[in-house]
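Results of the structural survey
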Amino acid sequence: MIWLWLGFIGCTAAILFSGTKLSRYGDIIAEKTGLGRAWIGLVLIASVTSLPELITGISAVTYVDVPDIAAGDVLGSCVFNMLIIVLLDARYRIKPISAKAHQGNILAAGFGIVLLCTVILSIFMRDYISPLGWIGPNSLFFILIYFIAIRLVYSYEKRQLAALIKEKAVELRYKDISLKTALTHYALNAGVVIVAATFLPTIGAGIAKATGLSQTFVGNIFIALSTSLPEVVVSWSALRIDAVDLAVSNLFGSNMFNIFILGLDDIFFLKGPLLAHVSPNHIVSALSAIAMTTIAIIGLTYRAEKKTHVLAWDSIGIVTVYVINLMFLYMLK
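Keep in mind that what you see is a predicted model, and the values were worked out from it rather than measured.

1. Here we look at the overall build of the protein chain
Helix and strand counts for the protein chain come out as 14 helices and zero strands. Order of helices (α) and strands (β) in the protein chain, N terminus to C terminus: α-α-α-α-α-α-α-α-α-α-α-α-α-α. Of all 333 residues assigned to the protein chain, the portion counted as buried reaches 55%. Expressed as a percentage of contacts within the protein chain between residues at least 6 apart in sequence, the contacts between residues at least 24 apart total 86%.

Here's what the structure looks like:
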């Protein structure tokens, strides 16, 4: 048992270290290639920090045959990403984090809700949905909606001239690092993340068996926590330099990319539609992620200027939903 936990801690540490490096060199690549940082936060950084979920999911459905770990990792990460907003709010003492982030983040958050609703519908109606070969039609919808979403968000960002002007003022922060160096370090750290994440499904299945906890619970809590650590580090680091929009867009973008990953996992799962082979208990996490995202949207829209405590009211609501999510998952273990 102790070796399982040591393996879990080791993989987590590797993902934490290299995930941070991946995000930094991804930002350097963005600068050297001329891509905007707002776009990077939503797409490139979000996909980079979600790389552990991608590798863990593919490994879970192809080598270990634990689809509940794959689904639990994705949906649990969506829930945990919204909890990270609370951590940022606690760190940002000036005003509620939702009042500082621009309202354009609502667009990505809304697409995240659409994708999560489709996940719930796919699990609930799985006995009535005909697969396309071995793939669920919902997975193709996940992939399609993701690309439509990033296209629309990109178009929206282009119209925000003030944000673009501000972004230009902070360019060229990495003058001493060449594109070749950035690409090399990016590839090396990506390799570390891939290797560490590949072991997580096996370790997660072992922990589930040794503790008597279900794969659904382990996937939603332990594996999701481990693979979400890059988002924590990137968002926390962005907040330290007052890049609030980079931090928040990374989290909403990661949730969109997570559901995109679920569609890719389905392609690699050859036994049939992935969501037809997972526990219906995953609906709890999907509903929780929707509720937490909805509260975040309300906060971004209302934009309270002050907070009387360490956390703003919307952050308190997000924490409350997260605790309820944990309680239900444990009861259903």
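What follows picks up the thread again.
2. Some details on the side chain of Ser254
Note that Ser254 resides in helix 12 (residues 244-268). Assessed through its relative accessible area of 0%, Ser254 is described here as buried. Ser254 has contacts with Ala46, Thr49, Ser50, Asn81 and Glu231, leaving out every residue within four places of it along the chain.

3. A short note on the side chain of Ser77
Position of Ser77 among the secondary structure elements: in helix 4 (residues 67-91). What makes Ser77 buried here is its relative accessible area of 0%. There is a polar contact of 2.7 Å between the side chain of Ser77 and the backbone oxygen of Asp73.

4. Some words on the packing of aromatic side chains
Within the structure shown, the criterion is met by six aromatic pairs. Both rings, one in Tyr302 and one in Trp313, keep their centres 6.3 Å apart while their planes meet at 75°; by these two values the pair is edge-to-face. Of this pair, Tyr302 sits in helix 13 (residues 282-302) while Trp313 sits in helix 14 (residues 313-331); the two residues are eleven residues apart in sequence, bridging distant segments of the chain. Here a set of aromatic residues connected by ring pairs shows up, and it is made of Tyr146, Phe147, Phe257 and Phe260.

5. Notes on the confidence of the model for the protein chain
Detailed reading of the predicted model is not advised wherever pLDDT is low. Counting all residues, the mean pLDDT for the protein chain is 81, and 85% of those residues have values of 70 or more. Ranking the elements of the protein chain by mean pLDDT puts helix 8 (residues 161-168) last with 51 and helix 13 first with 93.

6. Some words on empty space enclosed by the protein
The final tally for this structure, using the stated rule, is one cavity of 30 Å³ or more. Each pocket or cavity is described by its volume, and for the largest cavity that value is around 70 Å³. Lining the largest cavity are Ile85, Ile97, Ser98, Val248, Phe252, Ala296, Leu300, Asp314 and Ile318. Of the residues in the lining of the largest cavity, the class split is seven nonpolar, one polar and one charged.

Reading the values: the criteria
- Just so you know, the residues in each chain are numbered from 1, in the order the chain's sequence is written.
- A pLDDT threshold of at least 70 governs which residues receive local features in this predicted model, and a stricter bar of 80 or more applies before side-chain atom pairs are shown or counted, although totals over entire chains, interfaces and linings include all residues.
- Excluding hydrogens and water, the side-chain values take into account all heavy atoms of the structure.
- Secondary structure follows DSSP: runs of H or I at least 4 residues long count as helices, runs of E at least 2 residues long count as strands, and numbering of each begins at the N terminus.
- Only protein chains enter the accessibility calculation, which uses a 1.4 Å probe. A residue is then buried if its area is under 20% of the maximum for its type, exposed if over 50%, and partly exposed in between.
- Two residues form a contact once any of their heavy atoms are found within 4.5 Å.
- N or O atoms closer than or at 3.5 Å make up a polar contact, with two conditions inside protein: a donor-capable atom paired with an acceptor-capable one, and, for residues adjacent in sequence, both atoms drawn from side chains.
- Centres within 6.5 Å make a pair out of two Phe, Tyr or Trp rings, where for Trp the six-membered ring is used; the pair is then stacked when the planes are under 30 degrees apart, edge-to-face when over 60, and tilted otherwise.
- pLDDT is a residue-level measure of predictor confidence that goes from 0 to 100.
- With a 1 Å grid spanning the protein atoms alone, the term cavity applies to any set of points in which a 1.4 Å probe fits but cannot get out, the term pocket to an open set with protein on both sides within 12 Å along at least five of seven lines, and the term lining residue to any residue with an atom within 4 Å of a point.
- Grid points are joined across faces, edges and corners, and a volume is the space filled by probe spheres set on the points.
- Under the scheme applied, nonpolar residues are Ala, Val, Leu, Ile, Met, Phe, Trp, Tyr, Cys and Pro; charged residues are Asp, Glu, Lys and Arg; polar residues are all the others, including Gly.

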